[in-house]
Amino acid sequence: MIRDITLGQYYQTESVIHRLDPRFKIISTLLYIVALFFIDDFIGFAIAWLGLETVICLSKVPRRFILKGLRPVFLIIAFTLIINIFMTQGQVLVEIWRFHITKEGLQMAAFMGIRLVLLIIGSSLLTLTTRPISLTDGIESLLSPFKRFGLPAHELAMMMTIALRFIPTLLEETDKIMKAQQARGADFESGSLLRRAKALVPILVPLFISAFRIAQDLAMAMEARCYGSGLPRTRMHEIRFTRTDAGAAVVFVIFLAVIVLERLLW
Amino acid sequence: MSITVTELTHIYSPGQPQEQTALDNISFRIADGTFAGIIGHTGSGKSTLVQHLNGLLKPTSGKILVDDTDITASGADSRQVRRSIGLVFQYPEYQLFEETVEKDVAFGPTNLGLSQDEISERVREAIQLVGLDYDAVRGVSPFELSGGQRRRVAIAGVIAMGPRVLILDEPTAGLNPRAHQEILDMVDGIHERTGNITIMVSHNMNDIARMTDQVLVMERGRLVMDGTPREVFSHGDELRQLGLALPDAAEIAEELRRAGLPLTGSFMTMEETADAVAKALKK
Ligand SMILES: Nc1ncnc2c1ncn2[C@@H]1O[C@H](COP(=O)(O)OP(=O)(O)OP(=O)(O)O)[C@@H](O)[C@H]1O
Ligand SMILES: [Mg+2]
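A short tour of the structure in this document, coming up. Keep in mind the model is a prediction, meaning the values are calculated, not measured. (Residues numbered from 1 in each chain as written. Chains lettered and ligands numbered in written order. Predicted model: local features only at pLDDT ≥ 70, side-chain atom pairs only at ≥ 80, totals over all residues. Heavy atoms only, no water.)

1. Thoughts on the sheet that holds strand β5 (residues 69-70) of chain B
Residues and elements named next belong to chain B.
Now for step 1: As summarised here, the arrangement of the 4 strands in space is β2-β1-β4-β5, forming an open sheet in which the pairing is antiparallel. What marks the edges here is a single partner per strand, and that holds for β2 (20-30) and β5.
Now for step 2: Inspection of the sheet shows strand β1 (residues 3-12) paired to β2 by 7 bridges, in the antiparallel sense. Considered in β2, the bridge of Tyr12 is made with Gln20.
Now for step 3: In the packing of helix α1 (residues 46-53) onto the sheet, contacts are made with β1, β2 and β4 (61-66), and the angle to β1 comes to roughly 120°. (Pairing = 2+ DSSP bridges. Helix = DSSP H or I, 4+ residues; strand = E, 2+ residues; numbered from the N terminus. Contact = heavy atoms within 4.5 Å. Axes fitted to C-alpha atoms, helices over the stretch in contact; angles between N-to-C directions.)

Laid out in structure tokens, this is it:
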């Protein structure tokens, strides 16, 4: 049922990748994504894929979990491929009615497809190997230099943490409300689009009320423990940049350098 | 109407790491007109069980017969099932959503596709049956009512569908003692008046002992006892091992017996215990 949907999809296991500093993982994922758009030939993609493969092996995350992340975006990838195949100008290979398939189009589509797959696998590796809480800690730490320009880094991170924490709670709540309305004869599965949209009202109204109730309770509980933002705070789990992280950073920089060199030399 | 459950098993998220056997090979029968109680420790599967009885959850294996219809069969008419078996969830007031009490109670009957006249008629009856003043509350927003009143409205919403079996999952959870008693009196009244099967999940042994004809005891997804309250509550030690208690009346009688007072028999209500104590002291 609805509870089976995994969000934030962290895969619990013990591995080097799991232990890395979340800040390093966030930055390297971002750089990897940028690099993917910098690459312009198949050799470059082969190198990028090799790098990703190494991380997958080290992370010990089973491949079926990694591929599961691709399923929801399958449509987007297919759509991108089709657009690229048919909309690119160039040397025409096949002509169907008003549509042309060009050599450039095929190449473009292949590049875009590979890029998207690598991008999604790369970013899902970040969430698969990093606890949501470490992720927000990492983001907070990365954003903290901007505090002096008035960016509320801690508050942003806190909001993200709370949102992540309450997703399962709200899913459970939705499940319960749906069942309760079904017990009163509500039907969410059949009828026209308009009817189905209307059928959502008996779920959404109680759900919003529940969400506000939960938020109010949480605010009260935080206040009762004297939570106040704006004060300098210490944390229970300090993020540390260890020697392993330094090693990983060196390897990653070499990896980026290879990609840049490949593009410049070929 | 009777309910027969045979070898019912339910597994949540089968094949996933968080796989959980919530019901494990359960069989029992509830005869027509019975007031049945379901007790058991938190997480023992009571809510999962009652959600099967009106077809909201499909069993992993096993059968549920209502009279002679198998409601778990793939061709079963789920609307018909939900219409004849009314389920009031835990904290039902959280499912209210309409602007007025009247509209909210009408939600169920409207979904059944009844005529406008029939709907209004049923709504009025249901609101009166749960002990609310129809003319006073019909136009009020459910969110302006007190907790106990809101729960009555939610129960009315199920009763208005005209179910032939009424199931209530912890109908008094989170209410103050007075509202608690009022809701129970209401449930008792409805059971008396309709003569239908009523099933109540509860953590309160006093209520179970006083009100029910049959008690089902759940423990980690299994049905460990099934009998009249007197039979079930004569197994004090076993119940305590399951983290359950005896009704106060039986508990007091047991203490007095241990202190040397010659009390025989089993005691479900305070009145019974008081009579027996008075008799024993007179001798
Ligand atoms: N939607 C669900 N998905 C997965 N597991 C569930 C779901 N609902 C309940 N469970 C699990 O099934 C088991 C039985 O739960 P159930 O709600 O039936 O217990 P209960 O006897 O009603 O408890 P309580 O007295 O707390 O209401 C529990 O271990 C619970 O964690
Ligand atoms: Mg329950």
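Next comes the rest of the description.
2. Comments concerning α1 of chain B
Now for step 1: Counting buried positions over the 8 residues of α1 of chain B gives 7, a clear majority of the element.
Now for step 2: Trailing α1 of chain B by a residue or two, Gly55 of chain B shows a phi angle of about 80°, which is positive. (Buried < 20%, exposed > 50% of the residue type's maximum accessible area, 1.4 Å probe, protein only.)

3. Quick look at the site of ligand 1
Residues and elements named next belong to chain B.
Now for step 1: Taken together, the neighbourhood of ligand 1 is formed by 16 residues, with Gly43, Gly45, Lys46, Ser47 and Thr48 sitting nearest.
Now for step 2: A distance of 3.0 Å separates an oxygen atom of ligand 1 from a polar backbone atom of Gly45.
Now for step 3: Note that an oxygen atom of ligand 1 is positioned 2.5 Å from one of the side-chain N or O atoms of Thr48.
Now for step 4: With the chains in place, 77% of the 640 Å² that ligand 1 exposes on its own is no longer accessible.
Now for step 5: Listing elements by their share of the shell around ligand 1, those giving two or more residues are β2 and α1. (Near = heavy atom within 4 Å. Polar contact = N/O pair within 3.5 Å; in protein donor to acceptor, adjacent residues only side chain to side chain. Areas by Shrake-Rupley, 256 points an atom, 1.4 Å probe, with all protein chains shown as cover.)

4. Topic: the interface of chain B and chain A
Now for step 1: Facing 22 residues of chain B, the contacting portion of chain A comprises 16 residues.
Now for step 2: Three residues stand out in chain B for area buried against chain A, namely Tyr94, Gln95 and Phe97 of chain B, and they jointly supply 30% of the buried area on that side.
Now for step 3: At the surface where chain B touches chain A, the tally comes to 1 salt bridge.
Now for step 4: Among the salt bridges present, the one from Arg184 of chain A reaches Asp104 of chain B, with a minimum N-O distance of 3.0 Å.
Now for step 5: The interface formed by chain B and chain A includes 5 residue pairs in polar contact (both at pLDDT 80 or more).
Now for step 6: The set of elements that each furnish at least two residues to the side of chain B that touches chain A consists of α3 (101-111) and α6 (147-159) of chain B.
Now for step 7: Per-element accounting of the side of chain B that touches chain A gives the leading share, 4 residues, to α3 of chain B. (Buried area = accessible area lost by both parts, 1.4 Å probe. Salt bridge = Lys/Arg side-chain N within 4 Å of Asp/Glu carboxyl O.)

5. A word on the pairing of strand β3 (residues 35-40) of chain B
Residue and element names in this part refer to chain B.
Now for step 1: The buried fraction of β3 is high, at 6 of 6 residues.
Now for step 2: Of the two faces of β3, both are covered, the one formed by Phe35, Gly37 and Ile39 as well as the one formed by Ala36, Ile38 and Gly40.
Now for step 3: When β3 meets strand β8 (residues 197-201), the two strands line up parallel, connected through 4 bridges. Bridge pairing in β8 links Ala36 to Ile199.
Now for step 4: One ladder, built from 5 bridges, connects β3 with strand β9 (residues 214-219); its direction is parallel. Its bridge partner lying in β9, Ile38 is registered against Leu216.

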